[in-house]
Structure formats: C-alpha cells, structure tokens
Amino acid sequence: MSDVAQLDDIAGHDGGAPVRVYLLDDHETVRRGVRSLLLDAGGFDIVGESGSAVEGVRRIPAARPQVALLDVQLPDGSGIEVFRSVHSLDPTIRGLMFTTFDDDEARLAAALAGASGYVVKQIRGGELVDTLRRVAAGAFLLDAATVMEQIRLGRIERRDPRLGTLTDRESQVLDLIVEGLSNREIGERLFLSDKTVRNHVTGLLRKLGFQRRTQAAAFGARADEAEAGREDGSRIEG
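Counting from 1, residues in each chain are numbered in the order their sequence is written. Reporting of local features is limited, given that this is a predicted model, to residues whose pLDDT is at least 70; pairs of side-chain atoms are given and counted only at 80 or more, and all residues count toward the totals for whole chains, interfaces and linings. Side-chain numbers here rest on the full set of heavy atoms in the structure, without hydrogens or water.

## Some points on the environment of Val-197
Think of it this way: any DSSP run of H or I at least four residues long counts as a helix, any run of E at least two long counts as a strand, and we number them from the N terminus. Positionally, Val-197 belongs in helix 10 (residues 194–208). Only protein chains enter the calculation, and the probe is 1.4 Å; a residue is then buried if its accessible area is under 20% of its type maximum, exposed if over 50%, and partly exposed in between. Overall, Val-197 belongs to the buried group, its relative accessible area being 0%. In this structure the C-alpha to C-alpha distance between Val-197 and Arg-169, which are 28 residues apart in sequence, comes to 9.6 Å. Residues count as neighbours in contact if any of their non-hydrogen atoms are within 4.5 Å of one another. Among residues more than four places away in sequence, those in contact with Val-197 are Asn-183, Ile-186, Gly-187 and Leu-192.

Structure below.
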C-alpha cells in the first residue's frame, strides 16, 4: 500500500473505518452545524459532544475519539486545558482547537498542550473536513517552535518598561520560559529548587501583569525580537 493510500485508509477514505470525532463547543448550533457537515462529507463518526469544560474532561477519554474538536473559550474554562488533561490520560487522542479568534498566546498554549492543529471558525467547511482528516491521519499542523517563531516576527517598537521591573534572576527565568522549558528544566539549568523557580515565575507574572506563563512566553518572545531588531539597526547605523 502506498503512503498516500495508507493515509486515506486511516482518514476514513476508500471504505476505511470512519474517523471518530468528539465535539466540544458551548454553542449547540455550532455543534449541530459541524455534525451535519461531517456526516454529509462521509467518513466520520461523531462519538460524543458536550458544551462545557467539565463535561469534556469527563466524557472525551471515555468516548475514545481519534480527534477531539475543541472550542478554545468555554463558559467554565478553556478547551486547551481540557485537551491538556485528556491528552495526559490518553496520548492517542488528537486535538484540533476550534476558535473565533486567532490569538498568538492561545495558539502557543495549544501547541504546548499537545494539540495537532488550531483553526478559526471562519474556516470553509471543506477545509475543516480536510484538516480533521489530516489530523486523524497523524499530521501535526501546529508546533511550539513554529508558533514561537511567528511570535518573534511580531513587531514591538520600543522596549516595554515592565521588563525593567524584573530582577536579574526573573529575567533569566523569563528567557528560559520563552525557550519552552518547564519549571523542572529551568531549575536544572539554573541550579534552583522547584519551589524557588515557582516563586520566580509567580513574581515575574505579577510584575508583567499576566496570569499564565504562556502569556509571559509570548511577551518575552516579542521583546527578544524587538531587542534583536534594535541591535541590527545599531550595527547598520554604525
């Protein structure tokens, strides 16, 4: 069997088993529309659906879908955190984030949670069908390194004054968060205990005005890019 034929078989083409999909979205009309789209397209089996984070965390692992299509913003939480929990229980379940807003921080958080893709709800029906089949076939359309590089290409015209409020150690921790390191890995790199690292992370988040480390990672990546741009400009002027 050729590679293309094998992917087609996995993705529910040419008589292969249908792709098992779970729908998580707090709007029933959205779930109904996606369900109709996938059933009309053929090759899909909707194994469950729910409208809240609590229900998603409980039901998705039991339903054992190949792909969970998750709304990022839910009334009682985040689809990203739902998938992080589900993926930790069953790494074979793939996640495709489905959102109204294309946000750098959410995209990075989704990548770090292990999601395979991130699409906006304005996507055409045929493209959503194709994306779900590709994710079910094992494609990774989202990774933290790519997202971080995209964030680094964002523009910041001047150094943010909040950076000046950080201690040297907090700045070091922020740099390592930008690199994607966990608290344990940061501790190993800087020879610090987990508790000390957590304290530094808490402190820098408070000073920067953020609640999540993914927000700090996106902020730090943009700041690094701006600093690199200023250095390049200085060399040209010199």
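## Let's talk about helix 5 (residues 104–113)
Of all 10 residues that make up helix 5, eight are buried, and the element is covered over most of its length. When we look at burial in helix 5, the residues that qualify are Glu-105, Ala-106, Arg-107, Leu-108, Ala-109, Ala-110, Ala-111 and Ala-113. Gly-114, located one to two residues past helix 5, shows a positive phi value of around 100 degrees.

## A word on the pairing of strand 3 (residues 67–71)
Each regular strand shows side chains that alternate between the opposite faces of the sheet. Most of strand 3 is tucked away: five of the five residues are buried. Alternating positions in strand 3 separate into two faces, Val-67, Leu-69 and Asp-71 on one and Ala-68 and Leu-70 on the other, with burial throughout. Strands are labelled as partners when DSSP assigns at least two bridges between them. In the sheet, strand 1 (residues 19–24) pairs with strand 3 via four bridges, with the strands oriented parallel. When the sheet's bridge partners are listed, Leu-24 is paired in strand 3 with Leu-70. Sheet topology note: the strand 3/strand 6 (residues 94–99) ladder contains five bridges and is parallel. By the bridge assignment for strand 6, Ala-68 is matched with Gly-95.

## Here's the deal with the nonpolar core
Take the buried residues of types Ala, Val, Leu, Ile, Met, Phe, Trp, Tyr and Cys, join any two whose side-chain atoms come within 4.5 Å, and each joined set is a nonpolar core. The biggest cluster of nonpolar side chains holds 44 residues, and the ones touching the most others in it are Ile-60, Leu-70, Ile-80, Val-82, Met-97, Ile-186 and Leu-204. Among the elements that make up this core, the one with the highest residue count is helix 5 (six residues). Apart from the residues within four sequence positions on either side, Met-97 is in contact with Leu-70, Val-72, Gly-79, Ile-80, Ala-110, Ala-115, Gly-117, Tyr-118 and Val-119. Core analysis: the second largest hydrophobic core is formed by 18 residues, Phe-44, Leu-96, Leu-132 and Ala-136 among them.

## Let's talk about the sheet that holds strand 1
If you walk across this open sheet you meet the five strands as 2-1-3-6-7, and the pairing is parallel. The sheet terminates laterally at strand 2 (44–50) and strand 7 (117–120), the two strands that pair on one side only. Between one strand axis and the next, the sheet turns by 20 degrees as a mean value, whatever way the strands run. Two elements, strand 6 and strand 7, share four bridges in a ladder whose sense is parallel. Within strand 7, the residue paired with Phe-98 across the bridge is Val-119. Only the stretch in contact is used when a helix axis is fitted, and all axes are lines through C-alpha atoms; the angle between N-to-C directions ranges over 0 to 180 degrees.

## Focus: the pattern of salt bridges
Salt bridge criterion: a side-chain nitrogen from Lys or Arg within 4 Å of a carboxyl oxygen from Asp or Glu. In this structure the tally under the stated criterion is 11 salt bridges. The partner of Arg-35 in a salt bridge is Glu-49, with the nearest N and O atoms 2.8 Å apart. Taken together, the residues span a long stretch of sequence, with Arg-35 in helix 2 (residues 28–41) and Glu-49 in strand 2 at a distance of 14 residues. For Glu-49, a relative accessible area of 23% gives the class partly exposed. Put simply, Glu-55 and Arg-59 hold a salt bridge, and the shortest N to O gap is 4.0 Å.

## Quick look at the packing of helix 8 (residues 168–178) against helix 10
When two helices pack together, their arrangement is captured by the angle between the axes and the distance separating the axes. Running from N to C, helix 8 and helix 10 point in directions that differ by 90 degrees, and their axes come no closer than 9 Å. In terms of orientation, helix 8 and helix 10 fall into the roughly perpendicular class. In this structure, helix 8 uses Arg-169, Glu-170, Val-173, Leu-174 and Ile-177 to contact helix 10, whose residues at the interface are His-200, Val-201, Gly-203, Leu-204, Lys-207 and Leu-208. Class assignment for the residues of the contact of helix 8 with helix 10 results in six nonpolar, two polar and three charged. Angles below 35 degrees are treated as roughly parallel, those above 145 as roughly antiparallel, those between 65 and 115 as roughly perpendicular, and all remaining angles as oblique. Residues are sorted three ways: Asp, Glu, Lys and Arg are charged, Ala, Val, Leu, Ile, Met, Phe, Trp, Tyr, Cys and Pro are nonpolar, and all the rest, Gly among them, are polar.

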